[in-house]
Amino acid sequence: MKLSEWARRNGVHYQTAWQWARDGKMPVPVTKTATGRYLVLEQAPERDGRTVAYRRVSSADQKTDLERQAGRVVTATGMGLSVTDVVSEVDSGLDGGRPEPARLLRDPQVTTIVVEHRDWLTGFGLEHLSAVLEASGRRIVVIDDAEADDAEVCDDLVRDMTEVLTSFCARLYGRRSASRRAKAALRAAREAA
């Protein structure tokens, strides 16, 4: 298949895929034709199901990170996995109603879900979800099980705390003033610290 088609299917920018092919860093077999065009060699699909890479960011201002995540998650092929699809989502980690993870978990053909960090698929309880999936012959593969850098973790925690406070304030005071009251609570907590 053409390199551009492979890049589109795997959620990688074409120029990134081209650089990988040029530098010999492609996670799949690739060949260069006499005309200088790169072709990705077809791989046999896994017999026991599909492997799907899942990537997520918390807010729209982080959308540029989805491209970088795609490149890192697609490297799962170096672990012997053939990623057949890449699913992207911009949504909160605490939102239990995210449609993409639910769709992946409902699909019995998806036998392996690849994520870069453990908290991107579920904010909490990944161990329980993994146990349930393993009981049915499925699994979750976490590429980088270490925590992200401190600044990124802190930003995510502040964002998650804001969402929790907003949710609680909405229940107590109504939806219209919840955001304003959550921000006021965060300001008071910062001043007290």
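Located above this text is the structure these notes cover.
Residues numbered from 1 in each chain as written. Predicted model: local features only at pLDDT ≥ 70, side-chain atom pairs only at ≥ 80, totals over all residues. Heavy atoms only, no water.

Asker: Any chance you could explain the overall build of the protein chain here in plain terms?
Answerer: Secondary structure summary: the protein chain contains 7 helices and 6 strands in total. In the protein chain, the order of α-helices and β-strands from amino to carboxyl end is α-α-β-β-β-α-β-α-β-α-β-α-α. Within the protein chain, the fraction of its 193 residues that count as buried is 37%. The contacts in the protein chain between residues at least 6 apart in sequence include a share of 61% that link residues at least 24 apart. Accessible area for the protein chain stands at about 11700 Å²; split by element, carbon and sulfur atoms hold 52% of it. (Helix = DSSP H or I, 4+ residues; strand = E, 2+ residues; numbered from the N terminus. Buried < 20%, exposed > 50% of the residue type's maximum accessible area, 1.4 Å probe, protein only. Contact = heavy atoms within 4.5 Å. Areas by Shrake-Rupley, 256 points an atom, 1.4 Å probe, with all protein chains shown as cover.)

Asker: I'm lost on the environment of H13 in this one. Help?
Answerer: Within the secondary structure, H13 is located in the loop between α1 (3–10) and α2 (14–23). For H13, a relative accessible area of 40% puts it in the partly exposed group. Reaching out from H13, the side chain makes a polar contact with the backbone nitrogen of Q15 at a distance of 3.1 Å. (Polar contact = N/O pair within 3.5 Å; in protein donor to acceptor, adjacent residues only side chain to side chain.)

Asker: What am I meant to see in the environment of F168 here?
Answerer: Relative to the elements of secondary structure, F168 occurs in helix α6 (residues 150–173). The class of F168 is partly exposed, set by a relative accessible area of 47%. Taking the C-alpha atoms as reference points, F168 and A182, separated by 14 residues in sequence, lie 8.5 Å from one another.

Asker: What is the right way to read the nonpolar core from this model?
Answerer: The tendency in soluble globular proteins is for nonpolar side chains to be buried as a group. The biggest cluster of nonpolar side chains holds 12 residues, and these are V52, Y54, V87, L104, V110, I113, V115, L121, L126, L129, L133 and I140. Counting residues per element, the ones that place at least two in this core are β3 (50–57), β5 (110–115) and α5 (126–135). If we ignore the near neighbours within four places in the chain, the residues touching V115 are Y54, L121, I140, V141, V142 and I143. (Core = buried A, V, L, I, M, F, W, Y, C linked by side-chain atoms within 4.5 Å.)

Asker: What is the right way to look at the packing of α1 against α2 in this model?
Answerer: Helix-helix packing is characterised by the crossing angle of the two axes and by the distance between the axes. It is the contact of α1 with α2, at a shortest axis distance of 9 Å, that shows an interaxial angle of 120°. If you check the angle between α1 and α2, you find them oblique. Crossing handedness for the pair α1 and α2: right-handed. Where α1 abuts α2, its residues L3, S4, W6 and A7 lie against Y14, A17, W18, W20 and A21. Class assignment of the residues belonging to the contact of α1 with α2 gives a composition of 8 nonpolar, 1 polar and no charged. (Axes fitted to C-alpha atoms, helices over the stretch in contact; angles between N-to-C directions. Parallel < 35°, antiparallel > 145°, perpendicular 65-115°, else oblique. Left-handed = near helix turned anticlockwise from the far one by under 90°. Nonpolar A, V, L, I, M, F, W, Y, C, P; charged D, E, K, R; others polar.)

Asker: Could you clarify how one ought to interpret α2 in this entry?
Answerer: Within the sequence span of α2, burial applies to A17, W20 and A21. For α2, the angular spread of the buried residues around the axis is 100°, confining them to a single face. Following α2 by one or two positions, G24 adopts a phi angle in the positive range, close to 75°. (Arc of directions from axis to C-beta.)

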